[in-house]
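These are the residues of each chain, in order.
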Amino acid sequence: MKDTLQKFMVENAPVRGELVELTDTWRHVLARRAYPKAVQTLLGEMMSAAALLSANLKFNGMIIMQIHGDGPVKLLVVECDSDLRLRATAKIGEDAVISDDAALTQLVNANGQGRFVITLDPQDKLPGQQAYQGIVPLDGDNVASVIENYMLRSEQLDTRLWLAADDKVSRGVLLQKLPNVGGKDIANISPEEELDTWNRLAMLGNTLRTEEMLSTDIDTLMHRLFWEETIRVFEPQQPQFHCSCSREKVGNMLKMLGEEEIAEALSAQDKLAIDCDFCGQHYEFDAVDCAQLFTADSPADVVPQTDTRH
């Protein structure tokens, strides 16, 4: 079965939901680098979260989710575009020793300096339009609570997330309370009924346990959680792994370093070798290649959104 993201709406209540299951996509990420078990869990949960949030975006573009850490894990990055094409990577400190049960705080917020960053990068930008970026301290003891707090404070959206990942699968469930439109509740119910429905659905989600999520497909999870609710299910979507790295993008990255720095690097070696952090693709640039970067017909300047994107 293909990786799946399933959207649904709760009838007669201003609540939408999604479930996502990543197996092949997640295995593509893990096949390229061996991560400690605790890092696998964090990165896998972020992948499901990125897919769930991206599926609600109203523009053609990319969501880039990052956790900048001050512990043994320095950076976690997941990117997901409007077609639910994902890639992910993590940077771990040299000689880091990470126990299997290490929690998020130990891994990325040891000294309280960790940061959570979401970037929304439209593909077809209007003149002068820039990517939107939100940067907040890590507020929460797991990936789900960090994102919930971000969504409430930055987007004013009540959001509940349940995430789980191991070395085989990443799954996630999202519930989101939709805001009033023009002062009118979209479900035409009283505020009390709306709150009761939201609390009931959140309580159903809270019955989920990690082992259950890891061992149960999303169709079964949806039935177990919402069998007493009237829900409208939409056509499922298929997330997949995709890396957007290219020789041109790597060339633009080298070009940003400047001729002097490139020349200095080449003086110590015959060619520059760069591996994509996301997919492991290998690129080489010799002296002639590097010289061509600074000619009039060199690739157009493209500024990456993260320092790990090639």
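Anything mentioned here points back to the structure above.
Just so we're clear, the structure is a prediction, and the values are computed from it rather than from any experiment.

Scoring rules and cut-offs
Residues numbered from 1 in each chain as written. Predicted model: local features only at pLDDT ≥ 70, side-chain atom pairs only at ≥ 80, totals over all residues. Heavy atoms only, no water. Pairing = 2+ DSSP bridges. Helix = DSSP H or I, 4+ residues; strand = E, 2+ residues; numbered from the N terminus. Axes fitted to C-alpha atoms, helices over the stretch in contact; angles between N-to-C directions. Contact = heavy atoms within 4.5 Å. Buried < 20%, exposed > 50% of the residue type's maximum accessible area, 1.4 Å probe, protein only.

Student: What am I meant to see in the sheet that holds strand S10 (residues 231-233) here?
Tutor: Note: strands within a sheet are paired through backbone hydrogen bonds, in either parallel or antiparallel orientation. Read from one edge to the other, the open sheet built from five strands follows the order S8-S9-S2-S1-S10, with strand pairing classed as antiparallel. The open sheet has two free edges, formed respectively by strand S8 (158-165) and S10, since each of these has just one partner strand. The mean inter-strand angle of the sheet, taken between neighbouring strand axes irrespective of direction, is 15°. Across the face of the sheet, helix H5 (residues 191-206) comes into contact with strand S1 (4-10), strand S2 (15-22), S8 and strand S9 (170-177) while running at roughly 10° to S8.

Student: Looking at this structure, I do not really get the pairing of strand S4 (residues 73-81). What am I missing?
Tutor: Summarising burial for S4: eight of the nine residues are buried, a large majority. Of the strand pairs in this sheet, strand S3 (residues 61-68) and S4 are connected by seven bridges, and their pairing is antiparallel. Among the inter-strand pairings, Ile67 is bridged to a residue of S4, identified as Leu76. Here S3 folds back onto S4, and the loop between the two strands holds four residues. Note: S4 against strand S5 (residues 85-92), seven bridges, orientation antiparallel. Bridging from a neighbouring strand, Val77 pairs with Thr89 of S5.

The values reported here are purely geometric and, on their own, carry no functional implication.
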